Amino acid sequence: MGRTTAGLREGHIPEVQVWSTRRVRPTRDPCITCGDALDMAPEAMEVFSVEGVRLLFHPECHDMWIALRERANRTS
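Throughout this description, residue numbers start from 1 for each chain and increase along the sequence as written. For a predicted model such as this one, the threshold for reporting local features is a pLDDT of at least 70, and the threshold for listing and counting side-chain atom pairs is 80 or more; totals across whole chains, interfaces and linings nevertheless cover every residue. Hydrogens are left out, water is left out, and the side-chain values use all remaining heavy atoms of the structure.

Caption draft 1: Up close: the overall build of the protein. Runs of H or I in DSSP of at least four residues are treated as helices and runs of E of at least two as strands, each being numbered from the N terminus. Secondary structure assignment for the protein yields two helices and three strands. Seen in sequence order, the protein has helices and strands lined up from the N terminus as α-β-β-β-α. Throughout, exposure labels follow a simple rule: accessible area from a 1.4 Å probe, protein chains only, divided by the maximum for the residue type, with under 20% read as buried, over 50% as exposed, and the rest as partly exposed. Per-residue burial for the protein yields a buried fraction of 36% across its 76 residues. The contact criterion used throughout is that any non-hydrogen atoms of two residues lie within 4.5 Å. Across the protein, the fraction of contacts at a sequence separation of at least 24, relative to all contacts at a separation of at least 6, is 52%. When the accessible surface of the protein is split by element, carbon and sulfur atoms take 51% of a total near 5100 Å². The method behind every accessible area is Shrake-Rupley, applied with a 1.4 Å probe, and residues are considered shielded solely by the protein chains displayed.

Structure, rendered in structure tokens:
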């Protein structure tokens, strides 16, 4: 979780307007937040933005991403 939080705070994740989110089968792609391969997890999260950006997450990294986005929205 430390790498996920650091990556988000350093702006490595694009700020996107989420269009859809779904659970998918793991792939060999890396998680957008922690960088670890998704194929070690039983499932992955796929997020598509309005702009057409596709983001892949471990479920726990996705939860952290959502929590940090919500916190940022409350403080702005």
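Caption draft 2: Region of the structure containing the pairing of strand β3 (residues 54–57). The rule for pairing is simple: two strands pair if DSSP sees at least two bridges between them. Summarising the sheet, strand β2 (residues 44–49) and β3 pair through four bridges and their orientation is antiparallel. Within the sheet, the bridge partner assigned to Met-45 lies in β3 and is Phe-57. Counting the residues in the hairpin turn of β2 and β3 gives four residues, including Gly-52, whose phi is positive at 90 degrees.

Caption draft 3: Looking closely at the nonpolar core. Joining through side-chain atoms within 4.5 Å is the link that ties buried Ala, Val, Leu, Ile, Met, Phe, Trp, Tyr and Cys residues into a set, and such a set is a nonpolar core. Within the largest apolar cluster, 13 residues are counted, with the highest numbers of intra-cluster contacts made by Cys-31, Leu-38, Val-47, Leu-55, Phe-57 and Trp-65. Setting aside residues no more than four positions away along its own chain, Cys-31 makes contact with Asp-36, Leu-38, Leu-56, Phe-57, His-58 and Cys-61.

Caption draft 4: Region of the structure containing helix α2 (residues 59–75). By this rule the span expected of a helix is its residue count minus one, scaled by 1.5 Å. A rise of 1.5 Å per residue sets the reference length of α2, with its 17 residues, at 24 Å; its end C-alpha atoms lie 25 Å apart and thus fit the reference within 8%. Among the residues of α2, Pro-59, Cys-61, His-62, Trp-65, Leu-68 and Arg-69 are the ones counted as buried.

Caption draft 5: Spotlight on the side chain of His-58. Of note, His-58 is situated in the loop between β3 and α2. The contacts of His-58, once residues within four sequence positions are left out, are Cys-31, Cys-34, Asp-36, Ala-37, Leu-38 and Ala-41.

Caption draft 6: Inspection of the sheet that holds strand β1 (residues 18–24) at higher detail. With antiparallel pairing, the three strands of this open sheet are ordered in space as β1-β2-β3. Each having just a single partner strand, β1 and β3 make up the two edges of the open sheet. Adjacent strand axes in the sheet meet at a mean angle of 20 degrees, parallel and antiparallel pairs treated alike. The pairing of β1 with β2 spans six bridges and is antiparallel. Looking across to β2, one finds that Val-24 is bridged to Ala-44. All axes are obtained by fitting lines to C-alpha atoms, using only the stretch in contact for helices, and the reported angles, taken between N-to-C directions, cover 0 to 180 degrees.

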